[in-house]
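# Structural description and commentary
Residue strings, one per chain:
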Amino acid sequence: MRKNIDLIIQYIKLNLQTELTYRSNLIFTFISAMTYVFVFVLSLKFVFNYVPQIGGYNYDQLYVILMLSQLWWYANVLVARKNFQYIAKAINNGTLDYHLLKPYSFRILTPFLKFDFRHLMPIIITVFLLFIKLDFSSIGILQWLGAILFFMNGVLVAYSITSIFTSFSFWVGRNNSIFDISLEMPDLVRIPIEFFPFIVKGFFIFFVPVIIMVNPTFQILYNNMDYILLAEALIISLVLFFISEFTWKYGLKNYTSAN
Amino acid sequence: MKKIISVKNLTKNFKVYHKKQGLIGSLSAFFKRKYETVKAVQKINFEMNKGEIVGFIGPNGAGKTTTLKMLSGLLHPDDGEVSVLGFIPFKRKKDFLSQISLVMGQKSQLWWDLPAIESFNLNRMVYNLSKEDYKTSLASLVEMLDAKDIIHRQVRKLSLGQRMKCELIASLIHNPKILFLDEPTIGLDVVIQKKLRKFIKEYNEKYNATIILTSHYIGDLEELCKRVVVINDGILGYDGDFGSLIKKYAKLKTIKLVFLKEVKKENLQKYGKIIDFEPLKASLEVNREKVGEVASGILNEFSVDDLNISEMPIEEVVRRIFENGNNE
Amino acid sequence: MYMLKYLELIKVSFLNRIDYRQELIMSFFVGIIIFAGQAVFWKAVFAENKIVNGFSFKQILVYYLFARIISEIIDSKLGFKISDIINDGKISNYMLKPVKIKTWLIFEEIGRLSIDVVIKTSIYVCLFLIFFGSIGVGLANVMLFILILLMSLIISLNLYFLVGCTAFITDNATGINYSLRRGILFLAGGLIPISFFPDFFQKIINVLPFKYMFDFPINVLTGKLGNMEIISGIGVQFIWVLVLWLMTELTLGFAIKHNQSVGI
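The following refers to the structure shown. Please read these numbers as outputs of a predicted model, since none were measured by experiment.

## Concerning the overall build of chain C
Within chain C, the secondary structure is distributed over eleven helices and two strands. What you see in chain C, going N to C, is helices and strands ordered as α-α-β-β-α-α-α-α-α-α-α-α-α. Intrachain contacts of chain C at a sequence separation of at least 6 include 77% that bridge at least 24 residues.

So, in structure tokens, the structure goes:
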């Protein structure tokens, strides 16, 4: 355990050192990331010029869930996206070999392989933007804990899904589909659960689980919990996690270690 | 004595999908794919003792690298048994991985944007080395490879040869008992090749490490391996003494000549078997032991513009081995 | 013959694309899911109101249907490709071949797009007809739409080409590519129709090239524009086609000079 923590710290350090060799990137990434937020907020604002509320939600509430979805996305990029893009490439060109030859637990190290410092600043700014519209007086300590727990749960779901799809690289060659798809997910993740008609709700909870990413967190912050949804979020997260472990292990058996 | 490496009936197949050329081919493949099985390694058997250096030779696609990858645990064999240091490699136990190393010529484990020393330090932590062991090992390797000036430079700024040196340091920092070297000298110039071979020999003598080296250059093996294993199309064709292999199957070398003045074919015939002849160019086949003598004889007698001595290509050696059906 | 090599290029690109069928199927599902998300959101908007800013719910859906179809055609990965070429120094490879780089890349892109467009457009239209009923588009509009779309395609290709060239100033070109594409999509009316933008904003957008990628073609198709508006729109579109083409030629010239002097 101690060794794993040391290695994680070392990886984070090395990634930071690598990042510092390219100074201009931090600024550009910051501008890039903020463009997404900016564009989302403007779109929302423009629509609200024509309607006073949407589906029972006012602007502030939809703004909050929008910020939560952005935070979810950045967290996803930080621990999942960059790392699994690297791993998918490594599976295809065989550079995964070196990781497989080392006496450490690759799965535990995975979230830190390519720790993306560039997105730390956007995360901080987005948290700040989120806090502007939150009513702190109405959020108790338990709610904060619950919100953070379910937020992490949402990130874990995205992590597991990315891992499962990356494992497919063991069988099929070029497999960038998950990284392209996930890019579009923030558009869906920010939609409150009440907007989904009954027919498609199940699909978006169990099949393309966008509803469980930030809706639980949002509900807890506004003290409006749907306990069934919370339970579903935890169970799906657990199931996906085990599936991701299984697909990885099974995929490794199929690894052909390209030259 | 228990064998440090033991392989029985080791087999590995790959599924490759077969596609016809052109638009029709692609469209039909879109709907239905034909797979064919490539038999990369077929029922090979061999054993090694501690401290041995064995060379694996064979043409491209022979199965050398696949065998090495099964020995290091990267690939799952489809059949057969393999034991290295008493472990089953593909179970990838940490104790096993801590004692082996696989160096691949074209793949790098070094962090591209940072000095090599950072990657060494990372490996120190990966392999749980104490600071003293790390310092000793690093100093020893740096000295053997003459790498003092390059380890603090960014990896992307190093030449291919320099990078190879750093790769070796990174791979050996933990003093592995077993070293797998996959085409380590490929793409390197002659000077560096010689240096690396010298290093590998020294390393083996100093640490009594067991080494398997794959290559398709006979030159790589001449300096290092007393014993060679020849593989082609996944089948083991020869396992034995290198000297005997050369004597039996690679007796001949080729001398290619370019002359300044035209020569007569009869004057050249006494030196060896003529394969190609033009008044200003010729190729001769000569016995290995006689090459030096023949070369100096030709240089003395004729006006030579260029003289090139080359080994019999590995494909030819392998062909001869398999023709003879020699399966020691 | 001059054209043959480019046609061959389209074919090879096309083959490359259908080779990766799982990617194709995946990207198809992405389109469906995104559309579903947009439909869900706007259904909530229209929950209390039948008409919002001159759109009915059905009309908004038609807007997004065509936005999706147009997206398949003009939303190319060209920018990423250019960035990669610049970053890896592979621009030299292209310079060594007896072809014009830009033409080469554009034809490669067309080949890649061909199968996506045909398959996905058909399926999207069919699904829409099944779930939401008629689309209500006249034939004359379709012909005009295709002409305008061709110009939209040229604008898009040149625009993303320029975006890709940001690789000269940063090695984080991928991030820039993503966000500039998002910004462009927003200004083009790909996220919400331009008519939702405040008036002053619309005035600015009317003279920029982005609107002519999405909003303008869609409104022509759905018959929301009068004849004068269509004609002036086509005029502005045409000017931007020329301007952007010129800008990419200049940028490419700079790229080649830069490569020759630095020699990646």
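## Some thoughts on the overall build of chain A
Scanning chain A for helices and strands turns up eleven helices and zero strands. Each helix (α) and strand (β) of chain A, taken in turn from the N terminus, gives the series α-α-α-α-α-α-α-α-α-α-α. In summary, chain A has a C-alpha radius of gyration of 19 Å against a globular reference of 18 Å for 259 residues, a match within 12%. With the C-alpha coordinates of chain A rotated into their principal frame, the extents come out at 60 × 45 × 35 Å. Every one of the 259 residues in chain A was classed for burial, and the buried ones make up 58%. Counting only carbon and sulfur atoms, one obtains 71% of the accessible surface of chain A, whose full area is about 11,000 Å². Charged side chains of chain A number 18 positive and 13 negative; the gap between the two group centres comes to 10 Å.

## A short note on the packing of aromatic side chains
The description of an aromatic ring pair rests on the distance of the ring centres and on the angle between the ring planes. A full pass over the atoms with the stated rule returns 50 aromatic pairs over all chains. Between Phe46 of chain B and Phe56 of chain B the ring centres are 5.3 Å apart and the planes differ by 75°, which places this aromatic pair in the edge-to-face class. Placement of Phe46 of chain B in strand S2 (residues 34-48) and of Phe56 of chain B in strand S3 (residues 53-57) is noted, with a sequence separation of ten residues between them. Look at Phe46 of chain B and you get buried, because its relative accessible area is 4%. Between Tyr271 of chain B and Phe302 of chain B, the aromatic rings sit 6.4 Å apart at their centres with planes inclined by 70°, giving edge-to-face as the arrangement. Here Tyr271 of chain B, found in the loop between helix H10 (265-269) and strand S11 (273-278), pairs with Phe302 of chain B, found in the loop between helix H11 (291-301) and strand S13 (304-311); they are 31 residues apart in sequence, far enough to count as distant. Looking at Tyr271 of chain B, the relative accessible area reads 16%, which means it is buried. Over the ring of Tyr59 of chain A we find Lys45 of chain A, and its NZ or CZ is 4.5 Å from the ring centre. The cationic tip of Lys114 of chain A hangs over the ring face of Trp111 of chain B; the distance from NZ or CZ to the ring centre is 5.8 Å.

## As for the sheet that holds S11 of chain B
Residue and element names in this part refer to chain B. Taken together, four strands build an open sheet; the order of strands is S11-S12-S10-S13 and the sheet is antiparallel. Only two strands of the sheet have a single neighbouring strand rather than two, namely S11 and S13. Averaged over all neighbouring strand pairs, the angle between strand axes comes to 15°, with direction disregarded. Strand direction decides the pairing type here: S11 and strand S12 (residues 281-287), joined by five bridges, are antiparallel. Bridged to Lys273 within S12 is Glu285. Packing against the sheet, H11 makes contact with strand S10 (252-259), S12 and S13, and its axis sits at approximately 170° to S13.

## Examining the pairing of S12 of chain B
Residues and elements named next belong to chain B. Sheet topology note: the S10/S12 ladder contains seven bridges and is antiparallel. Across the sheet, the residue bridging to Ile255 is Leu284, located in S12. Hairpin connection of S11 to S12: two residues between the antiparallel strands.

## Regarding the interface of chain A and chain C
Of the residues lining the interface, 41 residues belong to chain A; the matching set on chain C comes to 38 residues. The contact between chain A and chain C buries some 3,700 Å² in all, and 69% of this surface belongs to carbon and sulfur atoms. Linking chain A to chain C there are one salt bridge. In this structure, Asp187 of chain A and Arg182 of chain C form a salt bridge, with 3.4 Å as the shortest nitrogen-oxygen distance. Counting every contact that joins chain A to chain C gives three residue pairs in polar contact (both at pLDDT 80 or more). Among the elements of the structure, helix H2 (24-48) and helix H8 (177-189) of chain A are those that each provide at least two residues to the side of chain A that touches chain C.

## Some thoughts on the interface of chain A and chain B
Each partner contributes residues to the interface: chain A has 30 residues there, and chain B has 32 residues. Carbon and sulfur atoms make up 63% of the area that chain A and chain B hide from each other, which totals about 2,800 Å². For chain A, the biggest contributors to the area lost against chain B are Tyr98, Leu101 and Pro103 of chain A; these three give 26% of the whole. For the interface between chain A and chain B, the tally reads one salt bridge. For the salt bridge of Lys69 of chain B with Asp97 of chain A, the shortest nitrogen-to-oxygen distance reads 3.9 Å. The interface formed by chain A and chain B contains four residue pairs in polar contact (both at pLDDT 80 or more). Taken together, the elements giving at least two residues each to the side of chain A that touches chain B come down to helix H1 (2-20), helix H4 (96-100) and helix H11 (227-253) of chain A. Ranked by residue count, the leading element in the side of chain A that touches chain B is H1 of chain A, at nine residues. Looking at the side of chain A that touches chain B residue by residue, the classes come out as 13 nonpolar, twelve polar and five charged.

## So, the nonpolar core
Ranked by internal contacts, the top residues of the largest apolar core, which has 266 residues, are Ile54, Trp72 and Leu96 of chain A, Ile5, Phe120 and Ile169 of chain B together with Trp42 of chain C. Considering every element that reaches this core, the biggest residue donor is helix H3 (residues 59-93) of chain A, with 21 residues. Counting residues in hydrophobic clusters, the runner-up holds 15 residues, among them Tyr271, Ala282, Val291 and Phe302 of chain B.

## A word on unusual backbone geometry
For residues other than glycine, phi is negative in most cases, and the peptide bonds are mostly trans. Residues and elements named next belong to chain B. The residue Asn175 is not glycine, and still its phi comes out positive at about 50°. For Asn175, the location among the structural elements is in the loop between helix H6 (160-172) and strand S6 (178-182). What makes Asn175 partly exposed here is its relative accessible area of 34%. Non-glycine residue Glu183 carries a positive phi angle of around 45°.

## Topic: the side chain of Asn177 of chain C
Mapped onto the elements of the fold, Asn177 of chain C is located in helix H8 (residues 173-188). If sequence neighbours within four positions are ignored, Asn177 of chain C has contacts with Gly79, Phe80, Ser83, Val163 and Gly164 of chain C.

## As for the pattern of salt bridges
Here the structure, examined in full by the defined rule, presents 16 salt bridges over all chains. A salt bridge links Glu72 of chain C to Arg68 of chain C, with the shortest nitrogen-to-oxygen separation between them at 3.4 Å. On the criterion of helical spacing, the pair formed by Glu72 of chain C and Arg68 of chain C is a turn pair, its members being four residues apart in helix H3 (residues 57-74). Given the relative accessible area of 9%, Glu72 of chain C is considered buried. Members of the salt-bridge network, linked through shared partners, are Glu52, Arg227 and Asp239 of chain B.

Definitions and cut-offs
Residues numbered from 1 in each chain as written. Chains lettered and ligands numbered in written order. Predicted model: local features only at pLDDT ≥ 70, side-chain atom pairs only at ≥ 80, totals over all residues. Heavy atoms only, no water. Helix = DSSP H or I, 4+ residues; strand = E, 2+ residues; numbered from the N terminus. Contact = heavy atoms within 4.5 Å. Rg over C-alpha atoms; globule rule 2.2 N^0.38 Å. Buried < 20%, exposed > 50% of the residue type's maximum accessible area, 1.4 Å probe, protein only. Areas by Shrake-Rupley, 256 points an atom, 1.4 Å probe, with all protein chains shown as cover. Lys, Arg positive; Asp, Glu negative; His and termini not counted. Charge placed at Lys NZ, Arg CZ, Asp CG, Glu CD. Phe/Tyr/Trp six-rings, centres within 6.5 Å; stacked < 30°, edge-to-face > 60°. Lys NZ or Arg CZ within 6 Å of the ring centre and 35° of its normal. Pairing = 2+ DSSP bridges. Axes fitted to C-alpha atoms, helices over the stretch in contact; angles between N-to-C directions. Buried area = accessible area lost by both parts, 1.4 Å probe. Salt bridge = Lys/Arg side-chain N within 4 Å of Asp/Glu carboxyl O. Polar contact = N/O pair within 3.5 Å; in protein donor to acceptor, adjacent residues only side chain to side chain. Nonpolar A, V, L, I, M, F, W, Y, C, P; charged D, E, K, R; others polar. Core = buried A, V, L, I, M, F, W, Y, C linked by side-chain atoms within 4.5 Å.

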